[in-house]
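Geometric and topological summary
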Amino acid sequence: MSELAARLDSVCKYICERADWEITNLQLQKILYLCQMFYMGRNHGQRLFDGHFEAWDYGPVEPNLYHRVKIFGSDDVEDVFHRARTFRRDDPRRKVMDDVCDKFLKFSAGDLVEITHWDEGAWAEHYTPGARGVRIPDEDIWAEYDRRQDRARRNRKRS
């Protein structure tokens, strides 16, 4: 049985709560992208949430989220997700979000930008310096997951 895509604000609030609300707009954007990518990779291209990413200067950006939280600048995001729904404890989408948060919340905004600027990633395929509104197709985000997994397997074999 496939899950319906979650609401963007529900996923964002979940990530912010996992970060104890110590997360900037830039960090939230990158963690959100990684959550979407990992979810798609583990679920045959299904989206974690309804929304899309664009290739901006500092990496993949979900524009609706950006406009909602840009008021915080480089400060930590506050709870503006008033219509967010809570994920049930047994919701399988939580597993992916928890895995991504466990792995990536420890990174700085700069590190997360570097991670999402991977030269074999979807952002790099679609980025044009200074351009806005350049959409990153879901298929390319899913393909990035597969390429990252392939690279990780090759690296483990070399070790």
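Residues numbered from 1 in each chain as written. Predicted model: local features only at pLDDT ≥ 70, side-chain atom pairs only at ≥ 80, totals over all residues. Heavy atoms only, no water.

Some remarks on the state of the cysteines
Short version of the rule: Cysteine sulfur atoms are paired as a disulfide whenever they come within 2.5 Å of each other. Note on exposure labels: buried denotes an accessible area under 20% of the residue type's maximum, exposed denotes more than 50%, and partly exposed covers the range between, all computed with a 1.4 Å probe on protein chains only.
Taken as a whole, this structure holds zero disulfides when the rule is applied. Take C16: it sits in no disulfide, and the sulfur closest to it among the cysteines is that of C12, at 6.5 Å. For C16, a relative accessible area of 0% corresponds to the buried category. The thiol of C35 is not disulfide-bonded; the next cysteine sulfur, from C101, is found 5.1 Å away. On the basis of relative accessible area, C35 is assigned to the buried category, the value being 0%.

Focus on the sheet that holds strand β1 (residues 53-56)
We apply this condition: Any two strands with at least two DSSP-identified bridges between them are counted as paired. Where helices and strands are cited, they refer to DSSP runs of H or I of at least four residues and of E of at least two residues respectively, numbered from the N terminus. In what follows, a contact means two residues having at least one pair of non-hydrogen atoms within 4.5 Å. Inter-axis angles, ranging from 0 to 180 degrees, are taken between N-to-C directions of lines fitted to C-alpha atoms, where helices are fitted over the stretch in contact.
On the basis of which strands lie adjacent, the open sheet formed by three strands has the order β2-β1-β3 and antiparallel pairing. Two strands close off the open sheet at either side, each with one partner strand: β2 (59-61) and β3 (135-136). In the sheet, β1 pairs with β3 via two bridges, with the strands oriented antiparallel. Across the sheet, the residue bridging to E54 is R135, located in β3. In the packing of helix α2 (residues 25-42) onto the sheet, contacts are made with β1 and β2, and the angle to β2 comes to roughly 85°.

Focus: the layout of surface pockets
Keep this limit in mind: Only protein atoms enter the 1 Å grid used here, on which a cavity is any set of points holding a 1.4 Å probe that cannot leave and a pocket is any open set flanked by protein within 12 Å on both sides along at least five of seven lines; residues with an atom within 4 Å of a point are listed as lining. Grid points are joined across faces, edges and corners, and a volume is the space filled by probe spheres set on the points. Each residue is assigned to one class: nonpolar for Ala, Val, Leu, Ile, Met, Phe, Trp, Tyr, Cys and Pro, charged for Asp, Glu, Lys and Arg, and polar for all the others, Gly among them.
Computed from the structure, the largest pocket encloses a volume of approximately 280 Å³. Forming the walls of the largest pocket are 15 residues, and the residues nearest its centre are F38, K103, F104, R148 and A152. Secondary-structure elements contributing two or more residues to the lining of the largest pocket are α2, α4 (93-104) and α7 (138-158). Tallying contributions element by element places α7 first for the lining of the largest pocket, with seven residues. Classifying every residue of the lining of the largest pocket gives eight nonpolar, two polar and five charged. Put simply, the second largest pocket is a space of about 250 Å³. T24, N25, L26, Q29, W56, D57, Y58, V61, Y66, G73, S74 and R132 are the residues that line the second largest pocket. Among the elements that take part in the lining of the second largest pocket, α2 stands out by supplying three residues, more than any other.

Remarks on the pattern of salt bridges
Threshold: Salt bridges, as used here, are contacts in which a Lys or Arg side-chain nitrogen is within 4 Å of a carboxyl oxygen on Asp or Glu.
The final tally for this structure, using the stated rule, is 13 salt bridges. In the salt-bridge network here, residues are joined through shared partners; they are R18, D98 and D102.

Looking at the side chain of R94
Rules: We treat Lys and Arg as the positive residues and Asp and Glu as the negative residues; His and chain ends play no part in the count. In protein, a polar contact requires one atom able to donate a hydrogen and another able to accept it; more generally it is a pair of N or O atoms within 3.5 Å, and residues adjacent in sequence count only if both atoms are side-chain atoms.
Along the polypeptide, R94 turns up in helix α4. Comment: no salt bridge for buried R94; closest opposite-charge side chain is D98, at 4.5 Å. Polar contacts involving the side chain of R94 include one to the main-chain carbonyl oxygen of F87, which spans 3.4 Å. When residues no more than four places from it in sequence are discounted, the contact partners of R94 are Y14, F87, R88 and R89.

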